[in-house]
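Examination of the molecular architecture
If you want the building blocks of each chain, they are given just below.
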Amino acid sequence: MARIPPAQRERVSSFPVPVRPARLPGRVEVTLVLRPGVPLPTVEELCAAPPRPPLSHEAFEAKYGTAKKDLAAVERFAKEHRLRILSVQRDRGLVRLEGPAAAIRKAFGVDLKRFAQGKRSFLFHSKPVTLPRALRDVVEGVLGLDTRPRVTHSSASLPVPAESAKQLGLRSYPAGQVANLYRYPSTQGAGQCVGVIELTGGYKPEDLEAYLSWMGVEREPPVNVGPNKPGLGVSSNAEVTMDVELVSAVCPQARVVVYNAGSKDYSLSDYHRVFAMAISDRTNRPSVLTTSWSFYEGTLIQQDEEAAFERLFKEAALLGITVCAASGDLGSQVPVEGGSPTGAITLAAPSYPAASALVLGCGGTTLEAEGDRIVAESVWNRLGEAMTMGSFGPTVSAGASSGGVSMMNALPPYQEGMPVPVQVTTAWKDGVFQRTTRTPGRGVPDVAANGDLHTGYQIVFKGQRGVAAGTSAAAPMWAALVTRLNEALGERVGFLNPRLYALVRAGEPVVRPITRGGNGAFFASERQVWNACTGLGSPDGEGLLAGLRKLQAREA
């Protein structure tokens, strides 16, 4: 049987050491990403004309759902290789298959192996995925054959207990006070649903109850889709807890839904699965999603792997779902897999999904306030800070607002004319310089909000009051703002980026520009409308509402 590589192929590369071989599981599950019934709009088309009004889930499936003939081709493929179809989601174009490891190897032409790294294990293959000609152009991607741990959360440190924070001289704010400082609309999220994307870990309901009581907030408990299991990973539990508490406090009348993959391997396939779960949720129908989990652009991720996520974010844009993502907490440099003896190098590269042109990338600031007035706000950068110890575990107050230029996503139309630097790449061979290329790319982040642990947010974690921060806090704070805006406007903001940049270009006071500080390679300036540390700036909620109302009137 003649076989060809699928249109979108999983990356094949080496993996970090040390690892040791492990026995393959009895059965392996994979997910096929199938082409839509008709081509989805391009990123450029979505930027030029964001959907107004958004499609319903039913209308999206009717227009873009996978064709029956394509599903039939996959069914024949599964039957031929004795694979069991676990589920078919026509709207997303996702088919989950399961079969013995030997059958999976043969079906996809891979040398599938399993390795252990510490307490985790993962699947990996060194041969590229191949598929029969009958599936040519039908299958855009195969997820689940490479489950290396590549997703992490953006929080730079564990929370600091409140008493320790006070002794260390750290300032902290209730989330509601920060919302007031940023002039969030007075709406409370009534009739809205905001989804919180989590990869693993969980929050304790008693922590959330104690926190809301402390903040003086009464609301319904969140809805959990997927497991909510606080485990041994303290940092992951802290991440989930902060995300949920901030959104719950700032949007007390909104439904909060926590989507958790319950991942055991921190794989891209699990991260893709939880996003797909949230975007096509026809029960809760969230209009805003926030994620603090990300993976670094660079050698650990390839264009074709991002393509599976871009497919989901196109669906989100068409459904009128705003996706907010933390830009990361490591400044302009991120660790990537390198060829050095230690395998560790850093690269000026952003994190994804903030690097997607379809996502609102959220950076971090240092916020200083007196009462109800902001007295200063600058780029968050504590990269030179030393480690301290807290009762929650080792706490490092180091960190900075991540930002930069995407290597895999083109400069979107809404950023044209903005001072986005180009990505510079030099090529050498055998010690001889070959060439330098300068490539424009998507600039990250778009916006920012308070993210410095030294001016952090008050939370309750493990039964104690504490302080937490990071761009992991900025993303849910922006998501909460969009939720309030949706209520005030009476419609979904949806894919916000093109309208946000258009308002800034028009001189509308919709953000607070950040003009001081830097994150390593990039710096803020009074002369720049946008920078690769904090984007366009921190929110002015009432100003953004007024600007969006003007656009709403023109579009009516």
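The structure displayed is predicted, hence computed values, not measured ones.

Here we look at the packing of aromatic side chains
This structure, assessed with the given rule, holds 14 aromatic pairs. When the centroid spacing of 6.3 Å and the interplanar angle of 85° are considered together, the rings of Tyr271 and Phe295 count as edge-to-face. Here the residue Tyr271 occupies a position in helix 9 (residues 268-279), and Phe295 occupies one in strand 17 (residues 293-296), the gap between them amounting to 24 residues. Taking relative accessible area as the criterion, Tyr271 reaches 0% and is therefore assigned buried. Taking the relative accessible area as the measure of exposure, Phe295 reaches 2% and is therefore buried.

With respect to the packing of helix 11 (residues 471-489) against helix 13 (residues 541-555)
To describe two helices that pack against each other, one gives the angle between their axes and the distance between the axes. Direction vectors running N to C along helix 11 and helix 13 enclose 45°, while the axes themselves pass 11 Å from each other. Of the possible angle classes, the one that applies to helix 11 and helix 13 is oblique. Crossing hand, helix 11 versus helix 13: right-handed. Along its contact with helix 11, which presents Trp478, Leu481, Leu485, Ala488 and Leu489, the element helix 13 presents Gly541, Leu544, Leu545, Leu548, Arg549 and Gln552. Looking at the contact of helix 11 with helix 13, its residues break down into 8 nonpolar, 2 polar and 1 charged.

A word on helix 4 (residues 101-108)
Working note: α-helix, 3.6 residues per turn, so residues spaced by three or four point in the same direction. Residues of helix 4 that are buried: Ala101, Ala103, Ile104, Ala107 and Phe108. In an axial view of helix 4, the angular spread of the buried residues amounts to 160°, which keeps them on one side of the axis. Opposite the packed face of helix 4, turned more than 90 degrees from it, sit the exposed residues Ala102 and Lys106. Just downstream of helix 4 lies Gly109, where phi reads positive at about 65°.

What about the environment of Leu481?
Along the chain, Leu481 falls in helix 11. Separated by 234 residues in the primary sequence, Leu481 and Val247 have C-alpha atoms spaced 9.3 Å apart. With residues up to four places along the chain from it excluded, the contact list for Leu481 reads Tyr184, Pro185, Pro539, Gly541 and Leu544.

Considering the confidence of the model for the chain
Averaged over the chain, the pLDDT score is 89; the fraction of residues at 70 or greater is 90%. Predicted confidence for residues 7-17 stays below pLDDT 50, and this span has 43 contacts to residues more than four positions away or in other chains.

A look at the sheet that holds strand 10 (residues 152-153)
The 3 strands lie next to each other as 10-17-21, forming an open sheet whose pairing is antiparallel. Both outer strands of the open sheet, strand 10 and strand 21 (351-352), are each paired with one neighbouring strand and no more. Where strand 10 and strand 17 come together, 2 bridges link them in antiparallel fashion. In the strand pairing of strand 17, Thr152 is matched with Ser294.

Overview of the environment of Phe60
Counting through the fold element by element, Phe60 comes out in helix 2 (residues 57-64). Between the alpha carbons of Phe60 and Asp91 there is a distance of 7.0 Å; along the sequence they are 31 residues apart. In this structure, Phe60 is in contact with Leu40, Leu55, Gly65, Asp91, Glu315, Leu318 and Leu319, ignoring residues within four places of it in sequence.

Re the packing of helix 8 (residues 234-250) against helix 11
At a closest axis distance of 9 Å, the pairing of helix 8 and helix 11 adopts a crossing angle of 25°. Relative to helix 11, the element helix 8 is oriented roughly parallel. Remark: the crossing between helix 8 and helix 11 carries right-handed chirality. Contact residues: Glu239, Met242, Asp243, Leu246, Val247 and Val250 in helix 8; Ser472, Ala473, Pro476, Met477, Ala480 and Arg484 in helix 11. Here the contact of helix 8 with helix 11 is composed, by residue class, of 8 nonpolar, 1 polar and 3 charged.

The rules behind these values
- Residues numbered from 1 in each chain as written.
- Predicted model: local features only at pLDDT ≥ 70, side-chain atom pairs only at ≥ 80, totals over all residues.
- Heavy atoms only, no water.
- Phe/Tyr/Trp six-rings, centres within 6.5 Å; stacked < 30°, edge-to-face > 60°.
- Helix = DSSP H or I, 4+ residues; strand = E, 2+ residues; numbered from the N terminus.
- Buried < 20%, exposed > 50% of the residue type's maximum accessible area, 1.4 Å probe, protein only.
- Axes fitted to C-alpha atoms, helices over the stretch in contact; angles between N-to-C directions.
- Parallel < 35°, antiparallel > 145°, perpendicular 65-115°, else oblique.
- Left-handed = near helix turned anticlockwise from the far one by under 90°.
- Contact = heavy atoms within 4.5 Å.
- Nonpolar A, V, L, I, M, F, W, Y, C, P; charged D, E, K, R; others polar.
- Arc of directions from axis to C-beta.
- pLDDT = per-residue confidence, 0-100.
- Pairing = 2+ DSSP bridges.

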